[in-house]
Every structure is written in structure tokens, then in C-alpha cells.
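# Chains, contacts and geometry: an overview
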Amino acid sequence: MSGGLFVGLMSGTSLDGVDAALVRLPEAAPTDVDSTLQLRSPQVLAFVHLPFPSSLRTELLALNTPGTNELHRAALAANGLARVYAQAVGDVLAAGECSAGSVTALGAHGQTVRHRPGEFDGLGYTTQLLNGALLAELSGIQVVCDFRSRDVAAGGQGAPLVPAFHAQVFARPGQDVAVLNLGGIANLTLLPGEAGAQVRGFDCGPGNVLMDTWCQQQRGLAFDADGDWAASGEVLPDLLDIALAEPYFARQPPKSTGRDLFHADWLANCLADCLAGCLARRALWTPAAQDVQATWAELTARTAISALQTHLPRAGRLLVCGGGARNRHLMLRLAALGQSHMPGMQVLAADSEGVPAEQVEALAFAWLAQTALRHQPGNLPAVTGALGTRVLGALYPA
Ligand SMILES: Nc1ncnc2c1ncn2[C@@H]1O[C@H](COP(=O)(O)OP(=O)(O)OP(=O)(O)O)[C@@H](O)[C@H]1O
Ligand SMILES: [Mg+2]
């Protein structure tokens, strides 16, 4: 059985917590026109966001960088994640007034703590922590997880995986549409309107991660609510130029990234380089913290619009999803840069298409679970660079 109720579970690089979406997906294959139309307005029965306990968040953040006794700590963190995911499942089922027995499967992303595809031995790896067996045990529902490894095994980046779902929901015949997911990292999906044209996508750079990091360091807050702090600052041109010189931005897709690159040290190095440049010119540099925040917001907006201009220059609309869509200042900067670089393009939150911005990624993992159960491919080789399409995920029966 492959149709029916699914729960998609997503916890991304922002490390804010887990999103759970309870959704009814059509029985028929998505190539069927009717079911594609159903996916256009996915029937979401309930959605919950469950923040991570701060001890788990701290440990997950620590596991993003090399440390002592990692195997032991990662195993315990994977248990902790399964417990939080199971609680989110319980909460979303209660909100949707559904029983566990009525759910076909959970599609669970897990927590990326390392993402190094194509490195080291040429294949590299990507690691999403989650004890899938424990999640099946606690929820009583079959679990599909570990979606990315198979694509990496086939020589791909293992990311992004959401473009296939974005295509089902947001593509418009006759109009070029782009989807920008602003999670910790930002990824773009390119949906050409021309019949038969290839869907593409890649991680374009930082989403919220630098803004969140700086906000945490300077103000002790997890994020800059509505972008108000960034909006109170002025962009620092020298710092922005140094950040824009990061080679990742100029790399051709397929490409994907994470906290492995855009971490607190990357941010500190940009600031140190800027300070060194000023000292060399015998100038003083004491930037205001809000100006630095404005610069990280500008970097996110600039790199996204610049990648879009390069790869889908005739996009008529840019649909923004992920928590970053709730950052008013960032949305205004995307709209302003879009206006000057791609006149006529509309910049809208995904809500305008009937899917709340923060629900999109969780829905994608519900759909990927269904796709796995159908033994259908979940990856797009044009996106990830894999040798071919592959059925993704590992299954833990109920
Ligand atoms: N009201 C808001 N104002 C500003 N930023 C917000 C607001 N609400 C959420 N955010 C940002 O969104 C982030 C969470 O977004 P999201 O959950 O989409 O990211 P993620 O967990 O990294 O997910 P993914 O990897 O799936 O893209 C927060 O860390 C914060 O930076
Ligand atoms: Mg999140």
C-alpha cells in the first residue's frame, strides 16, 4: 500500500527543532495527472513544530565539528532525536485527530551533522543522525529515513532532495518558476516552464545560519525576529565583498553545502580579514553589530538572486519557503534585488501557492517516504550529480 496518510519529519541545519506534517497523499503514482493536481494543494491535516531541548541542540551543534568520543555521543544524540521525533509524531497525530494505525509511514530526515559528499576517498559521505529503529519502536509506525546516502553512493551530492517535490507542487507550464528554501542553508530549485525541460537545483549558500549565529553570539537570541535587527543596520561593503569572494558561490552545480563550510569560524574569518584590510590601510574598524547582521542578510539575498539570475534568468516568480520566508527584512531585500536584476519577477512566500512556507520541507519528506515505498526514484541526477535515478531511504517496519 502506498497511498494514504504520511507524516513528514524535518529538522534542518538551523537546529531549531523538528517540523512534523501529517498529510494525505494520493494513491496513484505522481505521473498520473489527477494525482499531480492533488499534490499541487497537498491536504495537510496538521502541522507542528517541536523545538529541540537545549541540551540536545547544544550536542548536535557540537557534533558538527570534530570532537572526542564522537561515536558514543552520536549514538546517544540519535536516540535523543528519535525521542523528539516520536513526540512530534504524537503531537501531530493528536492535532489531526488520527491514530498511529491509520498512518502508512513516517518520512524522517534526521539531523545532518556532517555533509562531505565527493571528498576524501572520492565518494565521501553525508551523515543524518536518527535512530530509525527506535522511532519505529516508539511510534508504532514504519519509518523511512536515511534518504541521502544512496544518492551519495551513486556519486551524487545527496542534496538537495526537495526539487522533485517542488516540481510536483509549484511548477507552472509556460512560466519559469524558482523556489528558494531558506533554512540554515539556502537551496534553489529551478522549474523551467518549457515542456520537457529539466528541473535543476542546488544549494546556493547560507540561508539563516550566519544571521542566526551572529544573533546568538551578540544578543543571546536564536534568531533575528522578522529581521528587525538587520533592518536597523547598514551593509558593510568591505565585509560583504570578502564574504562574496568565498569560492563556493562561483562553483558550478551540482553542489551542496552545510555547516561544514558556513560555520562560526567562517564568519569570524571574514571579520578578521576585514579588520586586517583596514589595519593595512591604517584605518580603524569597529563595526556596529547590527551592521554586521545587515551584511549577513545581504549576503544571503545577493547570493540567491545572483545564482537565480545566472541559472534561470527569465524566472517570472520566486517562491520562498523555510523559516527565512518569515524574515521580513530578508524578503524585502530579495524583492528589491529581484526588481533591479530580474525586473518583473515576483518574490512571494510559498503561502501564496497554498502551502505555508514552514511546511514545505516536511511535506517533501512525507512525499519522499511514499516515493520510496513505491520503489520509485526520489533523486534527480541533474540536481545531485548522481550516476542515475535511485530509490532512496532505509526502511524500519512498524
Ligand atoms: N519570524 C522570523 N523572523 C526571522 N527569521 C525567522 C523567523 N521564523 C523563523 N526564522 C528563521 O528560520 C529558521 C528556521 O527555518 P527552517 O526550520 O526552515 O530551517 P532548517 O531547520 O534549517 O530547515 P531546512 O534544512 O529544512 O531547510 C530559524 O532558525 C530562523 O533563522
Ligand atoms: Mg527547522
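Below you will find a few notes about this structure. (Residues numbered from 1 in each chain as written. Chains lettered and ligands numbered in written order. Predicted model: local features only at pLDDT ≥ 70, side-chain atom pairs only at ≥ 80, totals over all residues. Heavy atoms only, no water.)

### With respect to the site of ligand 1
Defined as follows: Neighbouring residues are identified by heavy atoms, a residue being near a molecule or strand if any of them is within 4 Å of it. Any pair of N or O atoms that falls within 3.5 Å is considered a polar contact. Within protein, one atom must be able to donate a hydrogen and the other to accept it, and sequence-neighbouring residues count only if both atoms are side-chain atoms. Note on areas: these come from Shrake-Rupley sampling with a 1.4 Å probe, and a residue is covered only by the protein chains present in the view.
The environment of ligand 1 is made up of 22 residues, and the closest members are Ser 14, Gly 184, Asp 212, Asp 226 and Gly 323. At 3.2 Å from an oxygen atom of ligand 1 is found a main-chain nitrogen or oxygen belonging to Gly 12. Here an oxygen atom of ligand 1 and a side-chain polar atom of Asp 212 are 2.7 Å apart. With the chains in place, 87% of the 650 Å² that ligand 1 exposes on its own is no longer accessible.

### What about the packing of aromatic side chains?
Put simply, the test is: Here a Phe, Tyr or Trp ring, Trp counted by its six-membered ring, pairs with any other such ring whose centre lies within 6.5 Å, and the pair is stacked when the planes are under 30 degrees apart, edge-to-face when over 60, and tilted otherwise. For each residue, the accessible area found with a 1.4 Å probe, counting protein chains only, is set against the maximum for its type, and the residue is called buried under 20%, exposed over 50%, and partly exposed in between. Secondary structure elements are defined from DSSP: runs of H or I of at least 4 residues count as helices, runs of E of at least 2 residues count as strands, and each element is numbered from the N terminus.
On inspection of all chains with the given rule, the structure shows seven aromatic pairs. For the pair Phe 262 and Trp 266, a centre-to-centre distance of 5.0 Å together with 70 degrees between the ring planes defines the contact as edge-to-face. The two residues Phe 262 and Trp 266 agree in class, both being buried. Considering the side-chain rings of Trp 266 and Trp 296, the 6.4 Å spacing of their centres and the 50 degrees angle between planes classify their relative orientation as tilted. Of this pair, Trp 266 sits in helix H10 (residues 264-280) while Trp 296 sits in helix H11 (residues 289-311), and the two are 30 residues apart along the sequence.

### Observations regarding the sheet that holds strand E9 (residues 185-191)
For the record, the criterion: Paired strands are those between which DSSP finds at least two bridges. Throughout, an axis means a line fitted to C-alpha atoms (over the contacting stretch in the case of helices), and angles, computed between N-to-C directions, take values from 0 to 180 degrees.
Pairing in this open sheet of five strands is mixed, and the strands run E10-E9-E8-E11-E12 from one edge to the other. Of all the strands in the sheet, the pair left with one neighbour each is strand E10 (200-206) and strand E12 (346-349). When the angles between neighbouring strand axes are averaged without regard to direction, this sheet yields 20 degrees. One ladder, built from six bridges, connects strand E8 (residues 177-182) with E9; its direction is antiparallel. Along E9, the bridge assignment pairs Leu 182 with Ala 186.

### Section: the nonpolar core
Put simply, the rule reads: Here, the term nonpolar core denotes a set of buried Ala, Val, Leu, Ile, Met, Phe, Trp, Tyr and Cys residues that are joined through side-chain atoms within 4.5 Å. An automatic or database domain assignment is the source of the domain bounds shown. Contacts between residues were defined by any pair of non-hydrogen atoms, one from each residue, lying within 4.5 Å.
Counting 89 residues, the largest nonpolar core has Phe 170, Leu 180, Leu 188, Trp 296, Leu 308, Leu 318 and Leu 334 as its most contacted members. For this core, the element with the most residues is helix H13 (residues 360-373), which contributes ten residues. Each of domain 1 (4-158 + 360-396) and domain 2 (163-353) gives at least three residues to this core. The residues contacting Leu 334, other than those within four sequence positions of it, are Leu 180, Leu 182, Ala 301, Ala 304, Ile 305, Val 320 and Val 347. Within the second largest apolar cluster, 39 residues are counted, among which are Val 18, Ala 20, Leu 22 and Ala 86.

### Looking at helix H9 (residues 237-244)
Residues separated by three or four positions in an α-helix point in the same direction, a consequence of the helix having 3.6 residues per turn. Put simply, the rule reads: An arc is given here, and it is the one of the directions from the helix axis to the C-beta atoms.
Every buried residue of H9 is accounted for by Leu 239, Leu 240 and Ala 243. All buried residues of H9 lie within an arc of 100 degrees about the axis, which places them on one face of the element.

### Examining the packing of helix H7 (residues 209-219) against H10
Quick reminder of the rule: Each angle receives one of four descriptions, namely roughly parallel if under 35 degrees, roughly antiparallel if over 145, roughly perpendicular if within 65 to 115, and oblique otherwise. Three classes are used: nonpolar for Ala, Val, Leu, Ile, Met, Phe, Trp, Tyr, Cys and Pro, charged for Asp, Glu, Lys and Arg, and polar for all others, with Gly counted as polar.
H10 packs onto H7 with a crossing angle of 80 degrees between their chain directions and a minimal axis gap of 10 Å. As judged from the angle between their axes, H7 and H10 are roughly perpendicular. In this structure, H7 uses Leu 210, Thr 213, Trp 214 and Gln 217 to contact H10, whose residues at the interface are Ala 264, Trp 266, Leu 267 and Leu 271. Its residues assigned to classes, the contact of H7 with H10 comprises six nonpolar, two polar and no charged.

### Quick notes on the pattern of salt bridges
Formally: Any carboxyl oxygen of Asp or Glu within 4 Å of a side-chain nitrogen of Lys or Arg constitutes a salt bridge here.
Evaluated as defined, the whole model comprises eleven salt bridges. A salt bridge links Glu 119 to Arg 116, with the nearest nitrogen and oxygen atoms 2.9 Å apart. Owing to a relative accessible area of 30%, Glu 119 belongs among the partly exposed residues under this scheme. Exposure remark for Arg 116: the relative accessible area of 25% places this residue in the partly exposed category. Each of the salt bridges in this network shares a partner with another, and the network as a whole consists of Arg 172, Arg 317 and Glu 353.

### Some details on H10
For clarity, the cut-off: One fewer than the residue count of a helix, multiplied by 1.5 Å, yields its expected span.
For H10, spanning 17 residues, the distance from its first C-alpha to its last is 24 Å, which sits close to the expected 24 Å at 1.5 Å a residue. Every buried residue belonging to H10 is among Trp 266, Leu 267, Cys 270, Leu 271, Cys 274 and Cys 278, and all of these are buried. Down the axis of H10, the sector holding all buried residues measures 140 degrees, keeping them to one side. Exposed residues pointing more than 90 degrees away from the buried face of H10 are listed as Asp 265, Leu 279 and Ala 280. Its buried side turned inward, H10 meets H7, H9 and H11. Immediately beyond the C-terminal end of H10, within one or two residues, lies Arg 282, with a positive phi of roughly 60 degrees.

### So, the side chain of His 329
Residue position: His 329 is located in helix H12 (residues 328-341). Setting aside anything within four residues of it in sequence, one finds His 329 in contact with Asp 226, Gly 227, Ala 230, Ala 231 and Ala 297.

### What to know about the sheet that holds strand E4 (residues 103-108)
Here six strands make up an open sheet; going across it, the order is E3-E2-E1-E4-E7-E13 and the pairing mixed. Each edge of the open sheet carries a strand with a single partner, namely strand E3 (43-51) and strand E13 (394-396). Sheet twist, expressed as the average angle between the axes of neighbouring strands with direction ignored, equals 20 degrees. When strand E1 (residues 4-10) meets strand E2 (residues 17-25), the two strands line up antiparallel, connected through seven bridges. Looking at E2, one finds that Gly 8 is bridged to Ala 21. Of the strands in this sheet, E1, E4, strand E7 (143-145) and E13 touch helix H4 (residues 132-139), which is tilted by about 155 degrees from E7.

### Regarding unusual backbone geometry
Across the chain, the bulk of peptide bonds are trans and the bulk of non-glycine residues have phi less than zero. With an omega dihedral of -15 degrees, the bond running from Ala 159 to Pro 160 counts as a cis peptide bond. Tracing the backbone through its elements, the reader meets Pro 160 in the loop between helix H5 (149-153) and helix H6 (163-170). In this chain, Pro 253 is followed by Pro 254 through a cis amide linkage whose omega measures 0 degrees. Positive phi is not limited to glycine here, since Asp 226 has a value of about 65 degrees. Structurally, Asp 226 can be placed in the loop between H7 and helix H8 (228-231).

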